[in-house]
Amino acid sequence: MPKLTDLTARAKPLLPGLMLSATIAAAASFLGAHYGAPVMLFALLLGMAFNFMHTEGPCGAGVDFAAKVVLRLGVGLLGIRIAVEDLAQIGISGAALLVGLIAATIATGFIAAPLFKRQWRFALLTGGAVAICGASAALAIAAVIPHNDKTERNTLFTVMAVTALSTIAMVIYPLLFGALGFSDVEQGFLIGATIHDVAQVVGAGFTVSDTAGETATITKLFRVAMLPVVLIIVGLVLRASGAGQGSGRVALLPWFMVLFLALVALGSVVDLPAALVDQVNTLSRICLVTAIAALGVKTSLKALAAVGPGHMAIVVIETLVLLALAMGLLLAFHPIQG
């Protein structure tokens, strides 16, 4: 057992960077709450303003720790939101449709990326983010794929892009689905199936009605629950192809996904107090915002500007394909009645 003094000595170099990341996250949360804008986006932009503190001074180690360990903890704690009995409300046909949409969206990324001369890592990052749960999925996928010199920059861009598109979709999609004559339940399903980030799904769903909001939330949680499945598949493919060999290789099911699944199992067999679920969910969000702030600190605006318009085009294509497929399949198969 390590002594307390040893743990203190190890933690001391991390404190400046952790405090910097946490302070930026707190400022972003304050701005998001008071101006109604995405907290993740504020955390990114504020973090990039402090990029000089990652390369100069004592903050580097703590910022790296926040961008890796705190990030993984935040993703793992997401499992507290999910219980199997809630997901069962989607039904077999609805679940099959959502799985198909996730697979098709990720495949779209791999088709579109070569057209814009981008690599498979970027295709997987953006496809997974659009298909599953936006920024959280991007961060989780980035944590398990072998890194190169562009991974952090591409991860930060993906988070920024899906957050911005989610905000736009939160306003436009309810108007679009209502104009097309979908019922409240169908609108909720489409909102949950097509908008990237959880917060924007909830916001868009409940602007339609309580029924739409509840359906949207459950549908979105099913997509979130697919995150460990996708990560396991990614790990298997990387091992089979050899791309996961060497220093970048990670466990097939990393510890934060074990935590995720354990919380899902716990919430499925035990009726957890709502206050506890809310507290763990809040802790998860704090960790994720802190991690994104740290990623912002690690990334210079110049490096982010170098991604080019092709990166954004890929994310937009994936988003539009997901939207078109979701509406088309819903009209063709009617998996959700309402």
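Residues numbered from 1 in each chain as written. Predicted model: local features only at pLDDT ≥ 70, side-chain atom pairs only at ≥ 80, totals over all residues. Heavy atoms only, no water.

- The name an unreviewed UniProt entry assigns to the protein chain is Sulfate exporter family transporter, from the organism Roseinatronobacter domitianus.
- UniProt, in the comment section headed Sequence similarities (unreviewed entry), describes the protein chain in these words: "Belongs to the UPF0324 family."
- In its Subcellular location (unreviewed entry) section, the UniProt record describing the protein chain reads: "Cell membrane". (UniProt positions renumbered as here; feature names shortened; annotations may be inferred.)

## Some words on the pattern of salt bridges
Then comes step 1: Tallied over the full model, the rule gives two salt bridges.
Then comes step 2: Note that Asp-64 and Lys-298 form a salt bridge whose closest N and O atoms lie 3.2 Å from each other. Taken as a pair, Asp-64 in helix H5 (residues 60-77) and Lys-298 in helix H16 (residues 274-298) lie far apart in primary sequence, 234 residues in all.
Then comes step 3: With a relative accessible area of 15%, Lys-298 lands in the buried category.
Then comes step 4: Its salt-bridge partner being Lys-298, residue Glu-152 comes within 2.4 Å of it at the nearest N-O pair. Of this pair, Glu-152 sits in helix H10 (residues 151-179) while Lys-298 sits in helix H16, and the two are 146 residues apart along the sequence.
Then comes step 5: We classify Glu-152 as partly exposed; its relative accessible area is 25%.
Then comes step 6: Each of Asp-64, Glu-152 and Lys-298 takes part in a single network of salt bridges with overlapping partners. (Salt bridge = Lys/Arg side-chain N within 4 Å of Asp/Glu carboxyl O. Helix = DSSP H or I, 4+ residues; strand = E, 2+ residues; numbered from the N terminus. Buried < 20%, exposed > 50% of the residue type's maximum accessible area, 1.4 Å probe, protein only.)

## Focus: the environment of Thr-158
Then comes step 1: If you trace the backbone, Thr-158 turns up in helix H10.
Then comes step 2: Between the C-alpha atom of Thr-158 and that of Leu-125, which follows or precedes it by 33 residues, the distance is 7.1 Å.

## With respect to the side chain of His-196
Then comes step 1: Mapped onto the elements of the fold, His-196 is located in the loop between helix H11 (184-194) and helix H12 (198-208).
Then comes step 2: Exposure remark for His-196: the relative accessible area of 2% places this residue in the buried category.

## So, the UniProt feature "transmembrane region" (unreviewed entry) in the protein chain
Then comes step 1: Under the local residue numbering, the UniProt record ascribes the feature "transmembrane region" (unreviewed entry) to residues 90-115, 122-145, 157-177, 221-238, 250-270, 282-301 and 313-333.
Then comes step 2: A helix fraction of 100% and a strand fraction of 0% characterise residues 157-177, whose end C-alpha atoms lie 28 Å from each other.
Then comes step 3: The span residues 313-333 shows a helical share of 100% and a strand share of 0%, and its end C-alpha atoms are spaced 30 Å apart.

## Notes on a nonpolar patch on the surface
Then comes step 1: On the surface, a cluster of nonpolar side chains totalling about 400 Å² of accessible area is made up of Ile-168, Val-171, Ile-172 and Leu-175.
Then comes step 2: With respect to the element layout, Leu-175 can be found in helix H10. (Patch = residues over 30% accessible without salt bridge, like charges linked within 9 Å, V, L, I, M, F, W, Y side chains within 5 Å. Areas by Shrake-Rupley, 256 points an atom, 1.4 Å probe, with all protein chains shown as cover.)

## So, the packing of H11 against H12
Packed helices, taken two at a time, are described by the angle between their axes plus the distance between the axes.
Then comes step 1: Two elements in contact, H11 and H12, have axes whose closest approach is 9 Å; the angle formed by their N-to-C orientations is 170°. With respect to their mutual orientation, H11 and H12 come out roughly antiparallel. For the element pair H11 and H12, the recorded crossing hand is right-handed. Note on element contacts: H12 touches H11 through Val-201, Ala-204, Gly-205 and Val-208, opposite Asp-184, Gln-187, Ile-191 and Gly-192.
Then comes step 2: Looking at the contact of H11 with H12 residue by residue, the classes come out as four nonpolar, three polar and one charged. (Axes fitted to C-alpha atoms, helices over the stretch in contact; angles between N-to-C directions. Parallel < 35°, antiparallel > 145°, perpendicular 65-115°, else oblique. Left-handed = near helix turned anticlockwise from the far one by under 90°. Contact = heavy atoms within 4.5 Å. Nonpolar A, V, L, I, M, F, W, Y, C, P; charged D, E, K, R; others polar.)

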